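# A structural walkthrough
Single-letter residue listing:
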Amino acid sequence: MNCRFCEQELQHKFVDLVNCPPSNSFLIEEQLNEPEVYYPLVTYVCDNCFLVQVDEYKKAKDIFDKEYVYFSSYSKSWVEHARRYTESMIDRFKYDDKSFVMEIASNDGYLLQHFVKQGIPVLGIEPTENTAAVAIEKGIPTITEYFGADFAHWLKNRKQKPDLIIGNNVLAHVPDIDDFVEGLKVALRKSGVITMEFPHLLRLIEDCQFDTIYHEHFSYLSFTTVKRIFEAHALELFDVEKVPTHGGSLRIFAKHKRDKSKFISPSVAELLIEEEKFGLNSLACYQGFQQKVDKIKDDMLNFLYGQKQLGKKVIGYGAAAKGNTLLNFAGIKGSDLIKFVVDAAPSKQGKYLPGSHIPVCDESKIRQYKPDYVVIFPWNLKEEVMDQLTYIREWGGKFVTFIPDVRIYHTKVDAKVEQTSWHLKEHAMLLFSLLIG
């Protein structure tokens, strides 16, 4: 296997999560007794450009099919993030009714709707038909297509060159990142701006966010490597911001290299230095990650088996790809340790998680079952989830997250300032309870 950017032969594993079905391939009841396809989930790091990547075992067009189950609008915090972004871009670059904004992987129109409300012309590019249909119903022009150099030339021939190209959590999803960035260059107006958001590799390593690794994410990105990829296509990164989404992401700003109307922010050099000091340009930084991942898996299983022995009831919240990676790596099958998972998206309810086959239910099931623990799989949204499920305190329910370690939360305040490490408190209490019978 060669690096998808620089073609260097990949010889260094970053982490091996063994085998896993595609994280968004939910099952209906009739499929539970049928064979299920698993693919290797192994990431490598290139010792030349330091792009962390998985092989394209499952083709992108098979993952982002007609019935994609993820709808962005079901996360209130994500929609609010998009609204704030829109206001920031309009204020900074003075977009108006004469501008043209295009979003790649526009999903159900969660972001572009905010530009539409300001009277700014938009176009969504979204490969999944069911999410694109929802956007169109909202009045957002959307083309169901994959973005790349060929599509960019098609747009150019139609004289549709955007002033702003947006890509939130798409850069990591493309198997041919070279072709994708070339498409950005072709599509962008001469004085235009590209913004891309993606989870920061530094934070993935620092907080052991290995559950963000799944087959939809072909690349795991540092600012240094992304800068190198963009420069190879005559695009220059002129600013970068750290944003809190997905456990710590970057928002990059790019322009044509020939465009001298925008100055280079000091944040560019500052982040390059920060990544170098962290060690992202050295193989040593990527070694030892497997051991940290294995420890999280062991601690999670110890917690779940311990609660089962104590007769406690455990459920999950959020049928997210993160949770599916975690559950499958831990080898959890069926509802023995986690009775069910609740999710707000109707597209997931009534189905079963891939691999583990845990049923997905609507929120009303929580009050009926009264769980002792609710495992929040999308840990990056834990505050939003705790706000929504605050009523579990009526029967003494608690929240749990497993990344970067096992943590118990009684309230939203705990999540911010009083995180209780299970290793320090709950583990001791559990052992004591088991010893005295």
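Source: prediction; values computed, not measured. (Residues numbered from 1 in each chain as written. Predicted model: local features only at pLDDT ≥ 70, side-chain atom pairs only at ≥ 80, totals over all residues. Heavy atoms only, no water.)

## Topic: the pattern of salt bridges
The final tally for this structure, using the stated rule, is 21 salt bridges. Notably, a salt bridge pairs Asp299 with Lys295, separated by 2.8 Å at the nearest N-O pair. Taken together, the residues Asp299 and Lys295, both in helix H10 (residues 289-309) and four residues apart, mark about one turn of the helix. A single network of salt bridges, built from pairs that share partners, joins Glu80, Arg83, Arg84 and Glu87. (Salt bridge = Lys/Arg side-chain N within 4 Å of Asp/Glu carboxyl O. Helix = DSSP H or I, 4+ residues; strand = E, 2+ residues; numbered from the N terminus.)

## A look at unusual backbone geometry
Note the cis peptide between Ile403 and Pro404, where omega equals 5°. Looking at the secondary structure, you find Pro404 in the loop between strand E16 (398-401) and strand E17 (407-409). Positive phi is not limited to glycine here, since Lys94 has a value of about 60°. Positionally, Lys94 belongs in the loop between helix H2 (76-93) and strand E4 (101-104). For Asn169, which is not a glycine, the phi torsion comes out positive at approximately 55°. Along the polypeptide, Asn169 turns up in the loop between strand E7 (164-168) and helix H6 (177-187). Since its relative accessible area comes to 19%, Asn169 is described here as buried. (Buried < 20%, exposed > 50% of the residue type's maximum accessible area, 1.4 Å probe, protein only.)

## Notes on the confidence of the model for the protein
Here the protein averages 92 in pLDDT, while 90% of its residues score no lower than 70. Segment residues 416-424: pLDDT under 50, and 24 contacts once partners within four positions in sequence are set aside and those in other chains are kept. (pLDDT = per-residue confidence, 0-100. Contact = heavy atoms within 4.5 Å.)

## A look at the side chain of Glu126
Within the secondary structure, Glu126 sits in the loop between strand E5 (122-125) and helix H4 (129-137). Buried and without a salt bridge, Glu126 has Lys138 as its closest oppositely charged side chain, separated by 11 Å. In terms of polar contacts, Glu126 uses its side chain to reach the backbone amide nitrogen of Ser106, at 3.4 Å. Not counting chain neighbours up to four residues away, the residues in contact with Glu126 comprise Ala105, Ser106, Asn107, Thr131, Ala132, Thr142, Ile143, Thr144 and Glu145. (Lys, Arg positive; Asp, Glu negative; His and termini not counted. Polar contact = N/O pair within 3.5 Å; in protein donor to acceptor, adjacent residues only side chain to side chain.)

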